[in-house]
2 protein chains.
Amino acid sequence: MSNTGGRRRPPTIHDVAREAGVSRGTVSRVLNGGHYVSPAAQEAVNAAIRRTGYVVNRHARSLITGRSDSVGFLLTEPQEKFFEDPNFNVLLRGCTQALAAHDIPLLLMLAGTEDERRRITRYITSGHVDGVLLVSSHSGNPVAEELSEAGVPLVACGKPIGLGSKISYVAADDRDGARDMTRHLLSLGRRRVGMVTGPLDTPGGVERLAGYKEVLAEAGIAVDDDLVVSGDYSRLSGERGAERLLAQVPDLDAVFVASDLMARGVLTTLERAGRRVPEDVAVGGFDDSPAALASSPELTTMRQPFDRISAEMVRVLLAQIGGEDTAAVILPTELVKREST
Amino acid sequence: MSNTGGRRRPPTIHDVAREAGVSRGTVSRVLNGGHYVSPAAQEAVNAAIRRTGYVVNRHARSLITGRSDSVGFLLTEPQEKFFEDPNFNVLLRGCTQALAAHDIPLLLMLAGTEDERRRITRYITSGHVDGVLLVSSHSGNPVAEELSEAGVPLVACGKPIGLGSKISYVAADDRDGARDMTRHLLSLGRRRVGMVTGPLDTPGGVERLAGYKEVLAEAGIAVDDDLVVSGDYSRLSGERGAERLLAQVPDLDAVFVASDLMARGVLTTLERAGRRVPEDVAVGGFDDSPAALASSPELTTMRQPFDRISAEMVRVLLAQIGGEDTAAVILPTELVKREST
DNA sequence: TTCTCTGCTGTGAACGCTCCCAGCACGGTG
DNA sequence: CACCGTGCTGGGAGCGTTCACAGCAGAGAA
């Protein structure tokens with residue numbers, strides 16, 4: 001008796017109630033935690049649900065509760081860049097799975113153009129999702145503030161810019177990671193340690209630079225301006241950065257690079273310049289993205305715990321949806337030693 | 001008068017009707033195409049919508065229409081693999097954008113484990129999405145058949161396996177692409193043209209091999225078994241495949257590789273073996289993934305039109321949801337000449 | 001005139017669920 | 001005995017929308 005063709009009308013809570021010999025109210029109570037339901041009724045309802053194959057109609061539920069029991073995953077601005085970033089994929093996957101554990105669907109929202117941004121903002125603020133997981137590059141974008149001000153639960157990945165911002169976020173401990181990597185390079189006996197930074201208009205970029213400078217200062221090494229060049233996380237900017245470093249600091253013996261992708265660019269330049277890695281110059285990256293393993297030599301890097309970040313983002317968002325006040329979560333990074341140091 | 005803190009109750013169709021001086025029914029008609037509405041009423045309603053900032057409550061609408069006005073993007077099985085595949089990202093992005101143009105949200109669904117598979121199947125078949133965009137590696141998975149039999153509109157990316165399958169799909173013309181590439185290699189004067197195939201339990205793998213063989217036969221070149229080795233689209237299998245090819249066919253002067261990722265592996269092996277590319281051996285890939293540009297030398301490859309594939313998937317799915325009968329869509333590939341040939 | 005047809009409008013009834021309240025039985029306490 | 005609290009149950013109301021239907025005015029045909 002196959003059901004090819006049309007979809008048959010699914011059973012409702014009414015059908016379940018009749019099947020179990022109880023009222024709709026009792027079925028609903030079982031569905032929502034089972035408080036104030038006798039064990040006998042509980043059992044009868046569960047059996048009826050199994051027999052009928054009942055699945056709650058979320059639209060009907062949402063209509064009355066005002067909740068949608070879904071959350072949005074919002075990506076603002078330069079989509080190409082993000083979609084090429086393997087870290088983004090890990091994040092998206094992690095969030096989807098963490099939400100699935102709570103039976104909450106994830107809606108993917110891409111706000112590339114201004115039009116899309118407006119449409120999506122309207123969609124969100126009119127209550128079609130209970131909260132938003134936000135991923136954005138230069139995180140000082142207006143969408144976050146707008147949503148946050150409209151009272152929409154919101155958790156960002158990485159620290160948002162604006163100082164007064166009360167937006168909750170989850171991030172890796174950039175400064176501490178940078179400290180660890182710099183210490184690691186010093187521990188190899190290197191003393192001319194350069195750095196290729198990330199974009200310095202983002203908290204992450206600033207923090208990684210700060211950590212690097214701190215450790216050099218601690219070690220009593222003058223923080224030479226020539227030792228620091230800035231990049232934008234792209235591979236090409238790594239190549240260019242290394243060229244400038246080599247020109248400014250011919251006796252360079254190590255580089256801390258603020259992202260793995262840039263670090264690959266650095267490796268390329270070093271190879272062209274005839275410097276051996278790690279013998280002549282040790283190279284440390286940041287992220288532990290797949291790029292770190294794909295390079296030759298394989299990159300020593302600071303692992304950002306993206307699986308934990310996504311899990312925490314979901315946890316914090318759900319807490320916020322539940323009415324709790326939430327704060328920032330900073331997760332530790334981990335040094336992964338490979339061939340480049 | 002900021003609205004910090006709680007979210008105010010959004011305006012309903014009733015508010016709009018009062019504001020415009022018409023009835024709910026008229027507002028609803030304007031919202032749904034504006035048939036049988038006088039221009040004056042039309043205008044009054046639109047103005048009222050703008051003034052009140054009204055946004056339709058999709059839950060209420062879905063409750064009565066039975067449609068959810070959302071679709072699922074379902075990824076089955078080996079998620080790691082797919083998430084690392086840049087093509088997958090292009091597909092996901094393309095589908096999201098194509099759907100956004102129709103104001104339809106995309107729900108991301110990952111069915112890795114058997115448990116997730118069951119949960120998601122229940123979710124889908126109980127009408128929480130209107131249709132499903134399916135991406136799967138070995139596309140002969142049971143989910144597709146199950147959903148299709150339950151009457152859920154479904155479009156797969158790439159040809160599903162099972163012969164009797166009536167599932168609509170969108171795919172690149174693998175056979176034709178393979179023919180073009182093989183012809184291209186022959187046009188360079190190469191005569192010992194090997195092939196590293198994809199998995200031969202998938203239609204794509206089979207088709208690419210078939211196209212290759214056809215052209216060799218046309219050209220009157222014996223299709224030597226030694227010339228063909230099989231891979232699984234992974235980089236490593238490309239390396240291994242090339243090793244076997246070199247052992248079996250020492251005078252190899254070209255290779256058609258069924259994916260760019262494998263082609264990179266082939267390049268690695270050829271370099272190790274001291275063969276110059278393209279001087280000694282020309283290498284042609286398939287996909288035109290970012291990997292093709294990142295390799296050295298840059299890969300000549302057959303471009304799969306992933307942006308068009310995603311757009312077509314959405315078009316076909318919406319047609320199917322609208323009740324139309326839909327067929328398979330095969331899109332042409334395009335030869336992209338670069339340094340490796 | 002009268003009747004029909006067309007274009008437009010308003011209204012009651014769903015859709016399937018949760019919330020709330022009234023009410024039951026029962027045991028303990030004043 | 002009366003009263004209250006507790007655990008549990010049933011049913012009415014209502015969430016915001018679309019749908020079906022009835023009804024209206026005005027134009028044109030009989």
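Residues numbered from 1 in each chain as written. Chains lettered and ligands numbered in written order. Predicted model: local features only at pLDDT ≥ 70, side-chain atom pairs only at ≥ 80, totals over all residues. Heavy atoms only, no water.

### Thoughts on the overall build of chain A
- The helix and strand tally for chain A stands at 14 helices and twelve strands.
- In terms of overall dimensions, chain A is more spread out than a globule: its C-alpha atoms have a radius of gyration of 26 Å, far above the 20 Å expected for 341 residues.
- Its C-alpha atoms give chain A principal-axis dimensions of roughly 85 × 40 × 40 Å.
- Counting only residues that meet the buried cut, chain A has 53% of its 341 residues in that class.
- Taking contacts inside chain A between residues at least 6 apart in sequence as the whole, the part at least 24 apart equals 69%.
- When the accessible area of chain A is evaluated, it comes to approximately 15,100 Å², of which 50% is carbon and sulfur surface. (Helix = DSSP H or I, 4+ residues; strand = E, 2+ residues; numbered from the N terminus. Rg over C-alpha atoms; globule rule 2.2 N^0.38 Å. Buried < 20%, exposed > 50% of the residue type's maximum accessible area, 1.4 Å probe, protein only. Contact = heavy atoms within 4.5 Å. Areas by Shrake-Rupley, 256 points an atom, 1.4 Å probe, with all protein chains shown as cover.)

### Observations concerning the nonpolar core
- Counting residues in hydrophobic clusters, the biggest one holds 53 residues, and the most contacted among them are F73(A), L133(A), I309(A), F73(B), L133(B) and I309(B).
- Apart from residues lying up to four places away in sequence, L133(A) is in contact with V71(A), G72(A), F73(A), L74(A), C95(A), L99(A), V155(A), M313(A), V314(A) and L317(A). (Core = buried A, V, L, I, M, F, W, Y, C linked by side-chain atoms within 4.5 Å.)

### Considerations on the side chain of T301(B)
Residue and element names in this part refer to chain B.
- Secondary-structure assignment places T301 in strand β10 (residues 300-303).
- Separated by 3.1 Å, the side chain of T301 and the backbone nitrogen of F286 make a polar contact.
- Residues within four places of T301 in sequence aside, it is in contact with M181, D260, G285, F286, D287, D288, A292, E334, L335, V336 and R338. (Polar contact = N/O pair within 3.5 Å; in protein donor to acceptor, adjacent residues only side chain to side chain.)

### Considerations on the protein's contact with DNA strand D
- Close to DNA strand D lie 26 residues; S38(A), I64(A), I13(B), R24(B) and Y54(B) are nearest.
- Of all atoms in DNA strand D that approach within 4 Å of the protein, 61% are sugar or phosphate atoms.
- At 3.2 Å from a base nitrogen of DNA strand D is found a side-chain nitrogen or oxygen belonging to R29(A).
- Between a phosphate oxygen of DNA strand D and a side-chain N or O atom of N32(B), the distance comes to 3.1 Å.
- Residue contributions to the surface near DNA strand D peak at five residues, all from helix α4 (residues 58-65) of chain B.
- Tallied by class, residues from the surface near DNA strand D come to twelve nonpolar, nine polar and five charged. (Near = heavy atom within 4 Å. Nonpolar A, V, L, I, M, F, W, Y, C, P; charged D, E, K, R; others polar.)

### So, the interface of chain A and chain B
- Every contact between the two is made by 44 residues of chain A and, on the other side, 44 residues of chain B.
- Summed over the shared surface of chain A and chain B, the number is two salt bridges.
- As a salt-bridge pair, R119(B) and D103(A) come within 3.4 Å of each other at their nearest N and O atoms.
- Seen at the junction of chain A and chain B, the total is eight residue pairs in polar contact (both at pLDDT 80 or more).
- For the side of chain A that touches chain B, the elements supplying multiple residues, two or more each, are α4 (58-65), α5 (79-84), α6 (86-100), β2 (106-111) and α7 (114-128) of chain A.
- In terms of residue class, the side of chain A that touches chain B is made up of 19 nonpolar, 15 polar and ten charged.
- Bridge analysis of β2(A) against strand β2 (residues 106-111) of chain B gives three bridges, and the strand direction is antiparallel. From the neighbouring strand, L106(A) faces β2(B), where its bridge partner is L108(B). (Salt bridge = Lys/Arg side-chain N within 4 Å of Asp/Glu carboxyl O. Pairing = 2+ DSSP bridges.)

### Observations regarding the sheet that holds strand β10 (residues 300-303) of chain A
All names here are of chain A.
- Strand order in the open sheet formed by six strands is β7-β6-β8-β9-β10-β12, with mixed pairing between adjacent strands. Two strands in the sheet have a free side with no partner beyond their single neighbour: β7 (228-230) and β12 (334-336). Averaged over all pairs of adjacent strands, the angle between their axes in this sheet comes to 20°, without regard to strand direction.
- In this sheet, β10 lies alongside strand β9 (residues 282-287) in parallel orientation, the contact comprising four bridges. Within β10, the position partnered with G285 by the bridge is T301. (Axes fitted to C-alpha atoms, helices over the stretch in contact; angles between N-to-C directions.)

### Here's the deal with the protein's contact with DNA strand C
- Not every one of the 27 residues close to DNA strand C is listed here, only the nearest: I13(A), R24(A), Y54(A), R24(B) and S38(B).
- Between a phosphate oxygen of DNA strand C and a side-chain N or O atom of S38(B), the distance comes to 2.6 Å.
- Residue assignment for the surface near DNA strand C shows that the elements contributing at least two residues are α2 (24-31) and α4 of chain A together with α2 (24-31) and α4 of chain B.
- In terms of residue count, the dominant contributor to the surface near DNA strand C is α4(A) (five residues).
- Each residue belonging to the surface near DNA strand C can be placed in one class, and the counts come to twelve nonpolar, nine polar and six charged.

### Some points on the pairing of strand β3 (residues 131-136) of chain B
All names here are of chain B.
- With six of its six residues buried, β3 lies for the most part within the structure.
- What you see with β3 is no split at all: G131, L133 and V135 on one side and V132, L134 and S136 on the other are buried throughout.
- The pairing of strand β1 (residues 71-76) with β3 spans six bridges and is classified as parallel. Its bridge partner being in β3, G72 is matched across the sheet by V132.
- Pairing between β3 and strand β4 (residues 154-157): three bridges, direction parallel. Paired with V132 across the two strands is L154, which belongs to β4.

### Quick word on the pattern of salt bridges
- By the definition in use, this model includes 48 salt bridges over all chains.
- Here R272(A) ties to E239(A) by a salt bridge, and the two come within 3.4 Å at their closest N and O atoms. Placement of the pair is R272(A) in helix α12 (residues 260-272) and E239(A) in helix α11 (residues 235-248), with a sequence separation of 33 residues.
- Under the relative-accessibility criterion, R272(A) is labelled exposed at 58%.
- Note that R58(B) is salt-bridged to D103(B), the shortest N-O span being 3.6 Å. Placement of the pair is R58(B) in helix α4 and D103(B) in the loop between α6 (86-100) and β2, with a sequence separation of 45 residues.

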